[in-house]
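Coordinate analysis (summary)
So the chains spell out like this:
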Amino acid sequence: MKKLILFLIMATIFTGANAQAPQVIKLNERNLNRGSSLMQALQDRRSVREYADEPLSPADLSDLLWAADGVNRPDGHHTAATALNKEDVDIYVLLKEGAYLYKPAESELVLVAEGDHRELIRGGQEDFPIPPVTLVMVSTPSRFGVPDAKASMMMGAVDAGIVSQNIMLFCAANGLVTVPRASMDSAALSKLLKLEEGSIPVINNPVGYPVK
Ligand SMILES: Cc1cc2nc3c(=O)[nH]c(=O)nc-3n(C[C@H](O)[C@H](O)[C@H](O)COP(=O)(O)O)c2cc1C
């Protein structure tokens with residue numbers, strides 16, 4: 001009996017049951033030598049709402065995030081333009097293991113909430129398939145520091161759209177599939193991601209490999 005209990009404990013440890021999501025996921029150095037041409041990516045871009053049941057490889061996840069909004073210059077500027085260079089958009093990454101915040105300067109993901117919360121992107125689309133990863137673009141318009149709230153929200157929406165387009169072109173060029181989506185449970189996501197008052201989940205991009 002003692003042997004059986006010991007076996008069960010060891011099996012639990014080694015099969016990863018109760019495995020905790022890592023606090024930090026270090027991303028790979030971006031690979032500039034991949035993907036089709038920009039013209040071919042534009043030709044291939046389309047919305048796809050079906051995803052293979054397969055997690056993204058570390059290389060694909062790393063390059064996807066770098067393309068979306070990584071640091072591309074020594075002065076710290078990013079692949080995505082932002083109004084007034086205020087970098088108002090944060091990317092939250094919903095994985096099976098947990099919800100993470102992408103930190104472009106550190107090239108890492110930082111755990112915000114443990115567990116699988118990917119269904120929160122469904123919003124009104126209740127039959128939307130659960131993708132291996134969804135990137136949620138959150139704008140914080142107060143970062144612009146301008147008194148015109150409407151103008152700030154518009155700039156934030158444009159900035160999030162630019163990140164979304166980077167994601168779409170990366171996917172089209174690299175054999176991944178995605179769709180830009182306004183649908184999501186914004187209130188539940190704001191709570192889960194501990195967003196500050198006024199931050200807006202603007203758009204999300206589920207990303208995966210195509211169904212064969
Ligand atoms: C701002 C925006 C919001 C969108 N929201 C959703 C959405 O909530 N759900 C969805 O399935 N598609 C959504 N789409 C995708 C559009 O339906 C899609 O881009 C459109 O049908 C054109 O198809 P295409 O992307 O293949 O060219 C959205 C697109 C944009 C630009």
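Structural data are supplied above this passage.
From a predicted model like this one, the values you see are computed outputs, not experimental measurements. Residues take numbers from 1 onward in each chain, read along the sequence in its written order. With pLDDT at 70 or above as the cut-off, local features in this predicted model cover only qualifying residues; side-chain atom pairs require 80 or more to be listed or tallied, and sums for whole chains, interfaces and linings still use all residues. Excluded from the side-chain calculations are hydrogens and water; all other atoms, namely the structure's heavy atoms, are used.

Definition of nearness: a residue and a molecule or strand are near each other if at least one heavy atom of the residue lies within 4 Å of the molecule or strand. Near the ligand you find Arg45, Arg46, Ser47, Arg49, Gln125, Val179, Pro180, Arg181, Ala182, Ser183 and Ile203, and these make up its full shell. As used in this structure description, the phrase polar contact means that two N or O atoms lie within 3.5 Å; if the pair is within protein, one of them must be able to donate a hydrogen and the other to accept it, and residues adjacent in sequence are counted only when both atoms belong to side chains. Take Ser183: an N or O atom from its side chain is 2.5 Å from an oxygen atom of the ligand. Areas reported as accessible are Shrake-Rupley estimates using a 1.4 Å probe. Residue values count occlusion only from the protein chains shown. Taking 620 Å² as the accessible area of the ligand by itself, protein coverage stands at 52%. When residues are grouped by polarity, Ala, Val, Leu, Ile, Met, Phe, Trp, Tyr, Cys and Pro land in nonpolar, Asp, Glu, Lys and Arg in charged, and all others, Gly among them, in polar. Residue classes in the shell around the ligand are distributed as four nonpolar, three polar and four charged.

A word on the sheet that holds strand β5 (residues 133-139). Note on pairing: two strands pair once DSSP finds at least 2 bridges between them. Helix numbering and strand numbering both begin at the N terminus, where a helix is a DSSP run of H or I of at least 4 residues and a strand a DSSP run of E of at least 2. Strand order in the open sheet formed by seven strands is β1-β4-β3-β2-β5-β7-β6, and the pairing between neighbours is antiparallel. Taken across any chain shown, the strands that pair with only one partner, and hence form the sheet edges, are β1 (24-26) and β6 (177-178). Bridge analysis of β6 against strand β7 (residues 200-208) gives two bridges, and the strand direction is antiparallel. Residue Thr178 lies in a different strand from β7, and its bridge partner there is Val207. With respect to the sheet, helix α4 (residues 149-173) is in contact with β2 (89-94), β5, β6 and β7, its orientation differing from that of β7 by roughly 5°. Throughout, a contact is declared for two residues whenever any of their heavy atoms are within 4.5 Å. Interaxial angle, 0 to 180 degrees, is taken between N-to-C directions of lines fitted to C-alpha atoms, where a helix line uses only the stretch in contact.

This brings us to the pattern of salt bridges. A side-chain nitrogen of Lys or Arg and a carboxyl oxygen of Asp or Glu constitute a salt bridge if their distance falls within 4 Å. Evaluated as defined, the whole model comprises six salt bridges. One salt bridge in this structure joins Arg30 and Glu29, with 3.2 Å as the shortest N-O distance. Whether a residue is buried, partly exposed or exposed follows from its accessible area with a 1.4 Å probe, protein chains only, as a fraction of its type maximum: under 20%, in between, or over 50%, in that order. On the accessibility criterion, Arg30 (30% relative accessible area) is partly exposed. Here Glu29 falls in the exposed class, since its relative accessible area comes to 63%. One salt bridge in this structure joins Asp63 and Arg34, with 2.7 Å as the shortest N-O distance. On the criterion of sequence distance, the pair formed by Asp63 in helix α3 (residues 58-69) and Arg34 in the loop between β1 and α2 (38-44) is long-range, its members being 29 residues apart. Among the residues examined, Asp63 registers a relative accessible area of 5% and is labelled buried. A relative accessible area of 27% places Arg34 in the partly exposed class. Through salt bridges that share partners, Arg34, Asp60 and Asp63 make up one connected network.

What follows deals with unusual backbone geometry. Despite not being glycine, Leu84 shows a phi value in the positive range, around 60°. Structurally, Leu84 is set in the loop between α3 and β2. On the accessibility criterion, Leu84 (52% relative accessible area) is exposed. Unusually for a residue other than glycine, Ser107 sits at a positive phi of about 50°. Mapped onto the secondary structure, Ser107 falls in the loop between β3 (98-103) and β4 (108-114).

Okay, a nonpolar patch on the surface next. For patch building, the residue pool is restricted to those with more than 30% relative accessible area and no salt bridge; the joining distance is 9 Å between like charges and 5 Å between nonpolar side chains (Val, Leu, Ile, Met, Phe, Trp, Tyr). A cluster of nonpolar side chains, contributed by Leu38, Met39 and Leu42, occupies part of the molecular surface with about 350 Å² of accessible area. Structurally, the position occupied by Leu42 is in helix α2. The class of Leu42 is partly exposed, set by a relative accessible area of 46%.

Turning to the environment of Val48, a few remarks are in order. Within the fold, Val48 resides in the loop between α2 and α3. Spatially, the C-alpha atoms of Val48 and Pro206 are 9.2 Å apart, while their sequence positions differ by 158 residues. The contacts of Val48, once residues within four sequence positions are left out, are Val177, Thr178 and Val179.

For this analysis, a ring pair means two rings from Phe, Tyr or Trp (six-membered ring only for Trp) whose centres lie within 6.5 Å, classed as stacked if their planes differ by under 30 degrees, edge-to-face if by over 60, and tilted for the remaining angles. Taken as a whole and assessed by the stated rule, the structure comprises one aromatic pair. Centre to centre, the rings of Tyr51 and Phe128 are 6.2 Å apart; their planes meet at 45°, and the pair counts as tilted. Note that Tyr51 is positioned in the loop between α2 and α3 and Phe128 in the loop between β4 and β5, a separation of 77 residues in sequence. No difference in accessibility class separates Tyr51 from Phe128, as the two residues are buried. Sitting over a ring, as applied to charges here, requires NZ of Lys or CZ of Arg to be within 6 Å of the ring centre and within 35 degrees of the ring normal. Over the ring of Trp66 we find Arg30, and its NZ or CZ is 5.3 Å from the ring centre. Taking NZ or CZ as reference, Arg181 lies 4.1 Å from the ring centre of Phe128, over its face.

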